[in-house]
There are 2 protein chains.
Amino acid sequence: MSTSATPRERLLDAAGELFYRDGVNIGVDALCKAAGVSKKSMYQLFRSKDELIAESLASRGPAYQTLLQPGAEDDRSPRERILTVFERQDELVASGNYLGCPYVGTAVELKNPEHPGSVVARHFKQQLTDFFHRELVKAGAEDPSTVAIQLTMIFDGASARAVVRAQPLGGIGAATASALMNAAGVHAGEFALS
Amino acid sequence: MSTSATPRERLLDAAGELFYRDGVNIGVDALCKAAGVSKKSMYQLFRSKDELIAESLASRGPAYQTLLQPGAEDDRSPRERILTVFERQDELVASGNYLGCPYVGTAVELKNPEHPGSVVARHFKQQLTDFFHRELVKAGAEDPSTVAIQLTMIFDGASARAVVRAQPLGGIGAATASALMNAAGVHAGEFALS
DNA sequence: GAAAACGGAAACCGATCGGTTTACTGTGTG
DNA sequence: CACACAGTAAACCGATCGGTTTCCGTTTTC
């Protein structure tokens, strides 16, 4: 399984998994061993462990985004597309071994907002907010900027709940997002100017 | 300042601060040095570092609760009492050096829901939800159990936002809680049966 | 086929990890 | 006075930390 990809890919994959599962304090030795890569190679591919943290987070961004957000070919209503994010989060939690949003979790562990990993986390969260914002504009929401932020907060709040409770969410995220969108004038099946 | 309290109190104080500021991976040596307590004393006061993590979290619970929740003497409406929590969170973030809810943060770092520290975190979060629930019942909310959970999620979502953005929240938590309570039939100045 | 680059295994560095132990200094208490 | 107790300082333990270096085999490149 491992020797097929390049050392860089193997490292990014192993780092993404182990930093998430064990936290950013896992040792470089364990990381390299899991990736089947020597420390020498690692340190000539990445300047430091901190850079590897940031790069592994960034490299998993697109896949994580695809996992949560419906694609452009999904032509359901903006409201349903937004709720899809929360339903997929629900499934992710229910599938077990969910340890919270990797980006928020890493930012929490790093403590330092200027750490390159924290910068990546900030960027990813903004992308999620941007997705919500696009859909809310399509739905003709009154204040899409505020509601997009609120939906992101609900997403992270549901994530926090899943972590501290270590139990399935039971649809509470989608229910909350739904209630909030109702309050913001985004109703079922509604499109702007239609 | 430090030698006045007992070694146990000094340790719990230093642990509460350093585990929050630097994460639970801070070393026992640094902890004892900050507390002015020898490692020998520490290890005969606490079975292990893990136990110290849990005990320090638990010992700060009441103060943190008092910091966020209005006291019983505050006779404003349940809705206003609930919003007070989010306003105080806002102030906490604005005052700087906010690194997220200590309980959620520790649970995230520990990764293990059976860790004694995670158990304390779960208990504290339940207490916050219980506070919301009591106020919602007083206000005659339709589904107080669900809304109490949703408010807790908004609290933790706002906390996550503060961490990843490293900026003031600007009242977004209270605004979201407000919108959600409106949707749940909890309006300004409203008391049940009055 | 020679040379250069790639990359893994492992030793090595000083520092720190969680935890134990020894030695010593107070501070009462009989 | 003697004794026990509480507590600090510091050495000590094996393991691991992030990071560097040496060695050597394999692959690519001309």
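Procedures and definitions
Residues numbered from 1 in each chain as written. Chains lettered and ligands numbered in written order. Predicted model: local features only at pLDDT ≥ 70, side-chain atom pairs only at ≥ 80, totals over all residues. Heavy atoms only, no water. Contact = heavy atoms within 4.5 Å. Buried area = accessible area lost by both parts, 1.4 Å probe. Salt bridge = Lys/Arg side-chain N within 4 Å of Asp/Glu carboxyl O. Polar contact = N/O pair within 3.5 Å; in protein donor to acceptor, adjacent residues only side chain to side chain. Helix = DSSP H or I, 4+ residues; strand = E, 2+ residues; numbered from the N terminus. 1 Å grid on protein atoms, 1.4 Å probe; cavity = no way out; pocket = protein on both sides within 12 Å on 5 of 7 lines; lining within 4 Å. Points joined across faces, edges and corners; volume = space filled by probe spheres on them. Nonpolar A, V, L, I, M, F, W, Y, C, P; charged D, E, K, R; others polar. UniProt positions renumbered as here; feature names shortened; annotations may be inferred. Buried < 20%, exposed > 50% of the residue type's maximum accessible area, 1.4 Å probe, protein only. Least-squares fit on C-alpha atoms with pLDDT ≥ 70 in both. Near = heavy atom within 4 Å. Phe/Tyr/Trp six-rings, centres within 6.5 Å; stacked < 30°, edge-to-face > 60°.

Draft legend 1. Examining the interface of chain A and chain B more closely. Each partner contributes residues to the interface: chain A has 38 residues there, and chain B has 38 residues. Surface buried jointly by chain A and chain B totals about 3,100 Å² across both partners, of which 72% is contributed by carbon and sulfur atoms. Per-residue buried area on chain A facing chain B is highest for K111, M153 and V164 of chain A; these three make up 24% of the total on that side. Along the contact surface separating chain A from chain B lie two salt bridges. At the boundary of chain A and chain B, one finds eight residue pairs in polar contact (both at pLDDT 80 or more). Where the side of chain A that touches chain B is concerned, the elements lending two or more residues are α1 (7–22), α7 (102–110), α8 (116–138), α9 (144–165) and α10 (172–183) of chain A.

Draft legend 2. Geometry of empty space enclosed by the protein. Evaluated as defined, the whole model comprises two cavities of 30 Å³ or more. Lining the largest cavity are 20 residues, and of these V104, V108 and A160 of chain A together with V104 and V108 of chain B lie nearest its centre. Elements that contribute at least two residues to the lining of the largest cavity include exactly α7 and α9 of chain A together with α7 (102–110) and α9 (144–165) of chain B. Class assignment of the residues belonging to the lining of the largest cavity gives a composition of 12 nonpolar, six polar and two charged. Volume-wise, the second largest cavity comes out at about 90 Å³. If you trace the second largest cavity, you find it lined by R161, V164 and R165 of chain A together with R122, K125, Q126, T129, I149, T152, M153 and D156 of chain B. When residues of the lining of the second largest cavity are traced back to their parent elements, those giving at least two are α9 of chain A together with α8 (116–138) and α9 of chain B. By residue class, the composition of the lining of the second largest cavity is three nonpolar, three polar and five charged.

Draft legend 3. The UniProt feature "DNA-binding region" (unreviewed entry) in chain A, seen in detail. UniProt's feature table lists "DNA-binding region" (unreviewed entry) at residues 27–46 of chain A, given in the numbering used throughout. For residues 27–46 of chain A, the helix share is 75%, the strand share is 0%, and the end-to-end C-alpha distance is 15 Å.

Draft legend 4. Focus on the side chain of K125 of chain B. In this fold, K125 of chain B is placed in helix α8. The exposure class of K125 of chain B is buried, given its relative accessible area of 4%. In this structure the side chain of K125 of chain B is engaged in a polar contact, spanning 2.5 Å, whose partner is the side chain of D156 of chain B. Look past the residues within four positions of K125 of chain B in its chain and what remains in contact with it is V164 of chain A together with C101, V104, T152, F155 and D156 of chain B.

Draft legend 5. Just the relation of the copies chain A and chain B, in detail. Least-squares fitting of chain A to chain B yields an RMSD of 0.0 Å, with the transformation described by 0.0 Å of translation along the axis and a rotation of 180 degrees. Such a combination of rotation and displacement between the chain copies is what one expects of a two-fold axis. When C-alpha positions in chain A are compared against the rotation axis, the closest is assigned to G157 of chain A, at 1.9 Å. When the interface residues of chain A are mapped onto chain B, 100% of them again fall at the interface, so both copies present the same face.

Draft legend 6. Representation of the protein's contact with DNA strand D. V28, K39, Y43 and K49 of chain A together with S41 of chain B are the nearest of the 16 residues found near DNA strand D. The sugar-phosphate share of atoms of DNA strand D within 4 Å of the protein amounts to 55%. K40 of chain B places a side-chain nitrogen or oxygen 3.4 Å from a base oxygen of DNA strand D. Measuring from a phosphate oxygen of DNA strand D, one finds a side-chain N or O atom of S41 of chain B at 2.6 Å.

Draft legend 7. Focus on the packing of aromatic side chains. The tally for this structure, following the rule as stated, stands at 12 aromatic pairs over all chains. With a centroid separation of 5.8 Å and an interplanar angle of 5 degrees, the aromatic rings of F86 of chain A and F132 of chain A are classed as stacked. One end of the pair, F86 of chain A, is in helix α6 (residues 78–94); the other, F132 of chain A, is in helix α8, and 46 residues separate them in sequence. On the accessibility criterion, F86 of chain A (1% relative accessible area) is buried. Exposure remark for F132 of chain A: the relative accessible area of 0% places this residue in the buried category. Look at Y64 of chain B and Y103 of chain B: their rings are 5.8 Å apart centre to centre, the planes differ by 50 degrees, and that puts the pair in the tilted class.

Draft legend 8. Structural context of unusual backbone geometry. Its identity is not glycine, yet N97 of chain A carries a phi of approximately 60 degrees, on the positive side. Here N97 of chain A shows up in the loop between α6 and α7.

Draft legend 9. View of the protein's contact with DNA strand C. Close to DNA strand C lie 16 residues, the nearest being S41 of chain A together with V28, K39, Y43 and K49 of chain B. Of what DNA strand C places within 4 Å of the protein, 51% of the atoms are sugar or phosphate. Here a phosphate oxygen of DNA strand C and a backbone polar atom of G27 of chain B are 3.1 Å apart. The separation between a phosphate oxygen of DNA strand C and a polar side-chain atom of K49 of chain B is 2.3 Å. Of all the secondary structure elements, the ones that give two or more residues to the surface near DNA strand C are α1 and α3 (39–45) of chain A together with α2 (28–35) and α3 (39–45) of chain B. In terms of residue count, α3 of chain B provides more of the surface near DNA strand C than any other element does, three residues in total. Along the lines of polarity and charge, the residues of the surface near DNA strand C split into five nonpolar, five polar and six charged.

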